[in-house]
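# Remarks on the overall topology
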Amino acid sequence: MDSGPLRDLLEFPPDDIEVVYSPRECRTLVSAVPEESEMDPHVRDCVRSYTEDWAIVNRKYHKLGTGFNPNTLDKQKERQKGLPKQIFESDEAPDGNSYQDEQDDLKRRSMSIDDTPRGSWACSIFDLKNSLPDALLPNLLDRTPNEEIDHQNDDQRKSNRHKELFALHPAPDEEEPIERLCVPEVPKEHFGQRLLVKCLSLKFEIEIEPIFASLALYDVKEKKKISENFYFDLNSEQMKGMLRPHVPPAAITTLARSAIFSITYPSQDVFLVIKLEKVLQQGDIGECAEPYMIFKEADAAKNKEKLEKLRSQAEQFCQRLGKYRMPFAWTAIHLMNIVSSAGSLERDSTEVEIGTGERKGSWSERRNSSIVGRRSLERTTSGDETCNLTSFRPATLTVTNFFKQEGDRLSDEDLYKFLADMRRPSSVLRRLRPITAQLKIDISPAPENPHYCLTPELLQVKLYPDSRVRPTREILEFPARDVYIPNTTYRNLLYVYPQSLNFANRQGSARNITVKVQFMYGEDPSNAMPVIFGKSSCSEFSKEAYTAVVYHNRSPDFHEEIKIKLPATLTDHHHLLFTFYHVSCQQKQNTPLETPVGYTWIPMLQNGRLKTGQFCLPVSLEKPPQAYSVLSPEVPLPGMKWVDNHKGVFNVEVVAVSSIHTQDPYLDKFFALVHALDEHMFPVRIGDMRLMENNLENELKSSISALNLSQLEPVVRFLHLLLDKLILLVVRPPVIAGQIVNLGQASFEAMASIINRLHKNLEGNQDQHGRNSLLTSYIYYVFRLPNTYPNSPSPGPSGLGGSVHYATMARSAVRPASLNLNRSRSLSNSNPDISGTPTSPDDEVRSIIGSKATDRSCNRMSSHTETSSFLQTLTGRLPTKKLFHEELALQWVVCSGSVREAALQQAWFFFELMVKSMVHHLYFADKLDAPRKNRFPERFMDDICALVSTIANDIVSRFQKDTEMIERLNTSLAFFLNDLLSIMDRGFVFSLIKACYKQVSSKLYSLPNPSILVSLRLDFLRIICSHEHYVTLNLPCSLLTPPASPSPSVSSATSQSSGFSTNVQDQKIANMFELSVPFRQQHYLAGLVLTELAVILDPDAEGLFGLHKKVINMVHNLLSSHDSDPRYSDPQVKARVAMLYLPLIGVIMETVPQLYDFTETHNQRGRPSCVTIDDYESEGGSMISQTVAMAIAGTSVPQLTRPSSFLLTSTTGRQHSTFSAESSRSLLICLLWVLRNADESVLQKWFTDLSVLQLNRLLDLLYLCVSCFEYKGKKVFERMNSLTFKKSKDMRAKLEEAILGSIGARQEMVRRSRGQLERSPSGSAFGSQENLRWRKDMTHWRQNTEKLDKSRAEIEHEALIDGNLATEANLIILDTLEIVVQTVSVTESKESILGGVLKVLLHSMACNQSALYLQHCFATQRALVSKFPELLFEEETEQCADLCLRLLRHCSSSISTIRSHASASLYLLMRQNFEIGNNFARVKMQVTMSLSSLVGTSQNFNEEFLRRSLKTILTYAEEDLELRETTFPDQVQDLVFNLHMILSDTVKMKEHQEDPEMLIDLMYRIAKGYQTSPDLRLTWLQNMAGKHSERSNHAESAQCLVHSAALVAEYLSMLEDRKYLPVGCVTFQNISSNVLEESAVSDDVVSPDEEGICSGKYFTEAGLVGLLEQAAASFSMAGMYEAVNEVYKVLIPIHEANRDAKKLSTIHGKLQEAFSKIVHQDGKRMFGTYFRVGFYGTKFGDLDEQEFVYKEPAITKLAEISHRLEGFYGERFGEDVVEVIKDSNPVDKCKLDPNKAYIQITYVEPYFDTYEMKDRITYFDKNYNLRRFMYCTPFTLDGRAHGELHEQFKRKTILTTSHAFPYIKTRINVSHKEEIILTPIEVAIEDMQKKTQELAFATHQDPADPKMLQMVLQGSVGTTVNQGPLEVAQVFLSEIPNDPKLFRHHNKLRLCFKDFTKRCEDALRKNKSLIGPDQKEYQRELERNYHRLKEALQPLINRKIPQLYKAVLPVACHRDSFSRMSLRKMDI
């Protein structure tokens, strides 16, 4: 194959591995090394260890492995730059407000609702003609051959596609990917948190002498000084001048005024202590301090003379005693107060001054700026509040008060007491008189790299531009607790702290005592070394240091710190010499200035070890004798005089800070022995023992095992050197007494135990794999094969000196041997080579020995041993250089017991050492070019095999007991194998992997719950597959001719035949797509990955459900990393990579039933603007219910579930547990990646092989993908954002608890990953927003500072990405659909799946899509229809309906490109339909239905856009030359006009959303407009039913359903003549008289046989039954049980005919229920209250002067309806405009204000003629089928409403409505109105009849109601009643009227009174029987009244009118109701 990207895919790159020597960075300008040239071996080794270059093995392409996948959360952002913005209609939708305003305007213009034809044709067409069409698509009407169209579409689709799919897909929310091993940190010097302290000025009230200051940090709790002293000098030049004679010229290093302190363990207990000293003078400290306390600066003039005197005194003292100091004053600053509290965070720059009186004792701080104390989450102090010094605001302090030093309280102990006391509010220090002064200090966090810095050794730190600038000193920290960091720089300092002296018992005068300290290298006084660091303003180093003098104190304390630079190599003569002097302060004659009064010393070495610690030394009175320095003063030297009998009187502490001296006996001994071997000089003195050569071996071994006893801190500090030495002992066994001593085992054990100690004690230093960071950096940077520096100090082969040397691991361009696919492992018989570098001294050896084959039988320790007695004598050490990796493998294989356990615990360490050793070996042996097969000897490979096998066995057998350890072991093994893949033969490593797999598999069979082990295996596999050459390892280029693969074939699991490849024509293709044996052999690792996936996702896999997420993430991670890999960016190469994953398609197809169903989420969330069939919001404002919408669209089953082919799998019910949304989404994106990148021709071949069933499965998958990657829209992102914010607050709390609490991040993760490996399916991808982001805060510890509330820009970015992902995903789906369609074109047999293709296409149109995608989608749809026209018009008729709906939906899009494509598609659809049959009834019908459904349901639908599309369609029709002569253009025009009409109507409907009556009226009218199209009329009736039941108008809803049923019945009776079916509407009359309007008699009714008519699911017997059953249910809910009976009367014959006993039994059950309810609820049912409502005023548009009867719910009060209507119209027109007319009189339009809207509301009652009352017996009868209503209005002739009895008239108004109540709407127009005027006498007659009726009712009530009865009686017979019966009788009956017309009325009234008295009597009798004894009197009173009344009435009642009783003429026989006679005014 030619070179190029494909060739690179096959071969490992030649420069895969490089060995780099990189110089280590040095902080200082010159590196810190000892000045001496001669060094002992230990020092030499240490220095080498601190200066040599890092030896790094670099896998050059490692960063391309999956562990560094750039698609992980943190890296994805930058890869998403430059994405185009996709345009989505849902985002473009106008925002709510502007839209709302339009709505409000529309509301104000109300529309006309008359029953004339809708609107006016002319105006509507005028609108249409005037609108602009969208751009026409070029060449749309040309007849281009299909192939060419496909080709064009394909090119357009494939251009400008986003290259990387995964860059758009949010990375799965994983914890740190298990395969990521980060490059360890470079070992470097340790610093804590650094603080910069600048000393600005120090001023006292008086300035008379120089003052010297020092600063240091103290930790009160630990009682420890935690830094060295910083000396600074702020004296003026004048003051300094006073000391000139005593002070040598100052070195610049001593002039520092700023210092950087380091604090590793910041806490609340740290104080900054400032001590001041002055020149020694006569008098104790109190006297000397007095002037500073009493003089004030302000009084300087007053006290001038006194000050002068003081000044001259001071000058004398300076001259005489200038070199001595005395303690003067001190103060302390509580550091954390400044850093953390800073007073407040709000007050920005307040100055806080804490005066004497305040809580801080008597010292004050003033701050320039408040300090923000942000708690850092670093693991700082345990238990204590942590403090952070890295980010506070800089502060300037002014310290105003100092305490004078008490001479007897100078010790540190006293200081800690003072400091502790300072923190108390009632501090003792407060009571002291302060020395007032002003010390100004700046404290701030130290900058990253400050300039002009000096280390504690005074070396210049890098960036020291100018040596003359005043430096900043770095102050050495003495950490409060141990710090475990290996040494990396040379440091060798000694600190001497004289503490106290007791000369109380010394004779002679010794009072003003100072101690002179010197560091001597011999005994002569001149041997003092200049190694004592100067303090401030003095020379850099001096030979002596003096302590401060406490005046007249014989046993003084000292507080000095003397810092000494130790020589690198110490001898026995080095010692510290202390000389004690008495200083005479007064000038006396012949008294010397100082008198020596004692001597003592400390030898520096004791038994070769540095002597440090606390000493209490005796003091000699005379100079020590000769050779004193090698002894210690405790030894009683003869003839010497000692103070106080040789008792210890001088306390001193010596502390070393050294990276040379370990200060640990065990380490010292080990190093000493190792160096003794090097020197080979015997006997050796180790400590106090002298060793001969023969004891050496035992001592060495015991010292190695004793390393365990050493302290951890020194072990860590000298870790690098220690491990180097142990490794050296393994590789070059020493020769002792002529014997090779094998220390391999001992060293191995020691290493294992050291590493485990680190692991156990330093938990915080571990990464997620439990690797200690100190050890990882040792291996990565420090470790190298010892034979790489035989004697040369330079790294690498000696010839190369120190230069950085690159060597790469495979320089050959030849094809690596591992690719010659030879199955057997060749046994190499060649000699193990003798390694050694060309220039090493072993060359001569080699020439002597020649390459003799060594004797394999000698101790099998390593691949070669060289014997040479001559060399042995030379060096005492055989140059046997064993190879470290071989030795290590061997030791590991043979070890056992606790050693083996220790090694297993930290297996990673040995594995990594081994690998680095192997690489170094190959590099130095120049074997990087050798073929991999021959790189390592057979024996070594056997050891590796044995090792891997035993470790695998450990994993399998112990994973339940030692879970955590086995997790670590498992990952370590995997990383090891991953590393081996880079350096060993691929086949060999595969055989190791296979061996591990075998062990796991055999164990799995026996396990009840395998998931933990499988989970381990997944981790194992994932790590191995993260290899950067994973693809190459998989041999991607062979097209599966059964290979001779290097991979052993996978065990017995042969091809899982997954039901694919039904006909085996081309086994080769099937092999590529299934996990067949050939596939798994050829692509070994990919085979393992996909097999894991298949096994775990298998629904029958017991107990592996929890691993779904894990295994899916593994695949996802692999693919996304291939996707972003620059090596595979070429499409050809990517296709090859994708080939490795072809079986993935099959695996995912198998999981279809388990995938999370993204399609379902549509029903739960209202999606922004794209309303689709499966997306009607059932609640919301949508007007059409789900099923109704279906009916409109003509689908038979609501598509809530999966597309139909899912039913195949779900026959058993979906008992499989479903995957979570997250997992499903990851799987699907993987599927899309494979489909996108695989070779199309290969896919096509395979599709051709698949059965129809399987292809349908594939289509189901694509269908799911469409929903899964649907664009969510910006609004969703914003909403989610606000939700996550709430959630995150508690997460933050948990997070902090986890970090600060005991749980380490690692355990937390382990614990969680074990507990629940996958979250339960958590709702949809976005459905469960709360669930969305929280896990991220939980697990990614690094994100704890993440701002949780996203900015606007981030939301924009998220939406941008999501939009691009949705577009790309859908385009891939489209590509795949095209391939499927091509397969169908090839094989005719597959036509049946075209329906499925169409379904996916339609579904994608229904989702929220970008304009870009829709363009391509419509193009594909047009091509599909033109290829298979009969598909839509004959087979998939429901799909045709769907398609029309989708196209129309997009025709109303706000984006013009979408509109122009959609209208083009729609036009072509009509045209194709027409061409098939010269008529496009089907499309017409479907489009009409779709339109009404669309407008009815879409919330923000814009008719303007749709109008433009309709215009575009018209334009196409006009320009279509081919069809010009046919009827087509006219038909199109008709259709478009009709659509436009519907559009205008439905638009009006939208304006009346808020007005339920108006809305129903409109729907009613639209339904009426569809009288000729039964399907649509039915639809709208159902819409109305839905609306009614939403408002609980069940009776109306039932009526709508009855109407629907009647409509269906009409058409059914036309279609089929079945006796038992209802004969059309007539049958339904009993249910409602209104039904007749459904009869299909008009001439324009279409016959049901016409194609496309009555095709809906309701036009069937079952449909009819369904409608009637719903109607019955609604009637029942309305309480109209009688109607239920009527409905069932129609149903029963149908069920009887079908012999459906079950249904009949249900019906009769329901009937029984209905009738029993009628019985029980007798008198309790309420059906409705009726009101007449009239509208007056032009504002109402055409409601003006309309009158309606409204039906309101039962017991509605007049006030309620009045309030509702007034409120509603008030809101619409303005409250001041609407007026309710309070009376019910006729309204006179002329008197009304034209600018107002008037509503008149009157309560009306049903009105029945007398004859009707015969039939209307029950309450139900009187409330059903109501058409007439009545209300009464009283009036008098002069205009008042009420008057005297004789002038009181009454008007009765009877209204007749156009339909009977209940009807399909709740308000019905009044169609007829008549008025009856009653004369006063008629009014009286009515009143008396009413009273009589009341009496009768009360009398006969059962059970009787005495209260009611008495009330009625009281009203009838009580005399007090005004206008009572008596008065009525007197007014009307006293005289016979003159007008004969009134005779009849007179007579009638007379008869009424007769009846009335009779009833009164009955009532009294009844009452008597009911009352108790207490009411006897009341009864008598009533009876008296009654008799009185009866007497008064008697004459009036008995007078008859004679004329009425004449002989009756037969003509005058008007037997009708009396009202004929009355005055009647008809008003129609």
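To keep things clear, this report deals only with the structure shown in the data block. (Residues numbered from 1 in each chain as written. Predicted model: local features only at pLDDT ≥ 70, side-chain atom pairs only at ≥ 80, totals over all residues. Heavy atoms only, no water.)

### Quick notes on the overall build of the protein
In terms of helices and strands, the protein carries 64 helices and 38 strands. A total of 2028 residues make up the protein; the buried ones form 57% of that total. When contacts within the protein are restricted to residue pairs at least 6 apart in sequence, long-range pairs at least 24 apart make up 79% of them. Total accessible area on the protein stands at roughly 83900 Å², and carbon and sulfur atoms take up 52% of it. (Helix = DSSP H or I, 4+ residues; strand = E, 2+ residues; numbered from the N terminus. Buried < 20%, exposed > 50% of the residue type's maximum accessible area, 1.4 Å probe, protein only. Contact = heavy atoms within 4.5 Å. Areas by Shrake-Rupley, 256 points an atom, 1.4 Å probe, with all protein chains shown as cover.)

### What about a nonpolar patch on the surface?
Taken together, the side chains of Val630, Leu631 and Val635 define a hydrophobic patch exposed on the protein surface, amounting to about 200 Å² of accessible area. If you trace the backbone, valine 635 turns up in the loop between strand E24 (613–618) and strand E25 (648–658). According to the relative accessible area criterion, valine 635 is partly exposed, its value standing at 32%. (Patch = residues over 30% accessible without salt bridge, like charges linked within 9 Å, V, L, I, M, F, W, Y side chains within 5 Å. Salt bridge = Lys/Arg side-chain N within 4 Å of Asp/Glu carboxyl O.)

### Focus: the sheet that holds strand E18 (residues 544–546)
Strand order in the open sheet made by the four strands is E18-E15-E20-E21, with antiparallel pairing throughout. In this open sheet, the two strands that pair with only one neighbour each are E18 and strand E21 (594–603). Here the strands of the sheet are splayed against their neighbours by 20° on average, with no regard to which way each runs. Note: strand E15 (residues 513–520) against strand E20 (residues 575–583), eight bridges, orientation antiparallel. In the strand pairing of E20, glutamine 518 is matched with leucine 577. (Pairing = 2+ DSSP bridges. Axes fitted to C-alpha atoms, helices over the stretch in contact; angles between N-to-C directions.)

### A word on the nonpolar core
Trp892, Phe909, Leu977, Ile993 and Tyr1141 are the most contacted members of the largest nonpolar core, which has 359 residues in total. Looking at which element gives the most residues to this core, the answer is helix H23 (residues 907–924), with 13 residues. Beyond its immediate sequence surroundings of up to four residues, isoleucine 993 is in contact with Leu977, Phe1020, Ile1024, Tyr1084, Leu1085 and Leu1088. Formed by 51 residues, the second largest nonpolar core is a distinct cluster that contains Val270, Tyr292, Val339 and Leu439. (Core = buried A, V, L, I, M, F, W, Y, C linked by side-chain atoms within 4.5 Å.)

### A look at the packing of helix H60 (residues 1880–1900) against helix H63 (residues 1943–1970)
Helix-helix packing is characterised by the crossing angle of the two axes and by the distance between the axes. Running from N to C, H60 and H63 cross one another at 20°; their axes reach a closest spacing of 9 Å. Relative to H63, the element H60 is oriented roughly parallel. For the pair H60 and H63, the sense of crossing is left-handed. Of the residues assigned to the contact of H60 with H63, the class counts are twelve nonpolar, six polar and seven charged. (Parallel < 35°, antiparallel > 145°, perpendicular 65-115°, else oblique. Left-handed = near helix turned anticlockwise from the far one by under 90°. Nonpolar A, V, L, I, M, F, W, Y, C, P; charged D, E, K, R; others polar.)

### Considering the packing of aromatic side chains
The tally for this structure, following the rule as stated, stands at 58 aromatic pairs. Between tryptophan 330 and phenylalanine 418, the aromatic rings sit 5.2 Å apart at their centres with planes inclined by 40°, giving tilted as the arrangement. Here tryptophan 330 is found in strand E9 (residues 325–334), whereas its partner phenylalanine 418 is found in helix H12 (residues 412–422), with 88 residues between them in sequence. The exposure class assigned to tryptophan 330 is buried, which follows from its relative accessible area of 3%. When the ring of tryptophan 892 is compared with that of phenylalanine 911, the centres are 4.8 Å apart and the planes differ by 45°; the resulting orientation is tilted. Here phenylalanine 911 lies in helix H23 and tryptophan 892 lies in helix H21 (residues 884–894), a separation of 19 residues in the sequence. The exposure classification of tryptophan 892 matches that of phenylalanine 911, with both residues buried. Three or more aromatic residues link up through ring pairs in this structure, and these residues are Phe748, Trp892, Trp908, Phe909, Phe910, Phe911 and Phe976. (Phe/Tyr/Trp six-rings, centres within 6.5 Å; stacked < 30°, edge-to-face > 60°.)

### A few points about helix H9 (residues 285–294)
What H9 keeps buried is the set Ile285, Cys288, Ala289, Pro291, Tyr292 and Met293. For H9, the capping residue at the N-terminal end is aspartate 284, with a side-chain oxygen 3.0 Å from the backbone nitrogen of glycine 286. (Polar contact = N/O pair within 3.5 Å; in protein donor to acceptor, adjacent residues only side chain to side chain.)

### Quick notes on the pattern of salt bridges
Scanning all chains against the criterion turns up 96 salt bridges. The closest approach of N and O atoms between arginine 424 and aspartate 421, which form a salt bridge, is 3.2 Å. Residue classification places aspartate 421 among the buried positions, given a relative accessible area of 8%. Among the salt bridges present, the one from glutamate 1981 reaches arginine 1984, with a minimum N-O distance of 2.8 Å.

### Describing unusual backbone geometry
The peptide bond linking phenylalanine 1861 to proline 1862 adopts the cis configuration, its omega dihedral lying at -15°. Here proline 1862 shows up in the loop between strand E36 (1849–1861) and strand E37 (1867–1878). Its identity is not glycine, yet asparagine 590 carries a phi of approximately 30°, on the positive side. Among the structural elements, asparagine 590 can be located in the loop between E20 and E21. Taking the relative accessible area as the measure of exposure, asparagine 590 reaches 78% and is therefore exposed. A positive phi is found at leucine 1035, a non-glycine position, where the angle reads about 45°.

### Comments concerning a negative patch on the surface
The grouping of Glu1554, Glu1766, Glu1771, Glu1775 and Asp1776 at the surface amounts to a negative patch. Within the secondary structure, glutamate 1554 is located in the loop between helix H51 (1528–1551) and helix H52 (1556–1569). (Lys, Arg positive; Asp, Glu negative; His and termini not counted. Charge placed at Lys NZ, Arg CZ, Asp CG, Glu CD.)

### Brief notes about the pairing of E36
When a strand is regular, its side chains alternate between the sheet's two faces. Of all the 13 residues making up E36, twelve are buried; the element is thus mostly covered by neighbouring parts of the structure. Here strand E35 (residues 1826–1835) pairs with E36 via nine bridges, running antiparallel. Pairing of arginine 1828 across the sheet is with threonine 1856, part of E36. Judged from the eight bridges that link them, E36 and E37 form a sheet pairing that is antiparallel. In the strand pairing of E37, threonine 1853 is matched with glutamate 1875. What sits between the antiparallel neighbours E36 and E37 is a turn of five residues.

### Concerning the environment of threonine 254
Along the chain, the position of threonine 254 falls in the loop between helix H8 (237–241) and strand E7 (258–263). Since its relative accessible area comes to 3%, threonine 254 is described here as buried. Residues in contact with threonine 254, not counting those within four places in the same chain, are Lys535, Ser536, Ser537, Cys538, Ser539 and Glu540. Within the local environment of threonine 254, its side chain forms a polar contact with the backbone oxygen of cysteine 538, the two atoms lying 3.0 Å apart.

### Some details on the environment of tyrosine 521
Locating tyrosine 521 in the fold gives a position in the loop between E15 and strand E16 (532–533). The partly exposed category is assigned to tyrosine 521, whose relative accessible area is 43%. Among all residues touching tyrosine 521, those that are not within four sequence positions of it are Asn527, Met529, His573 and His574.

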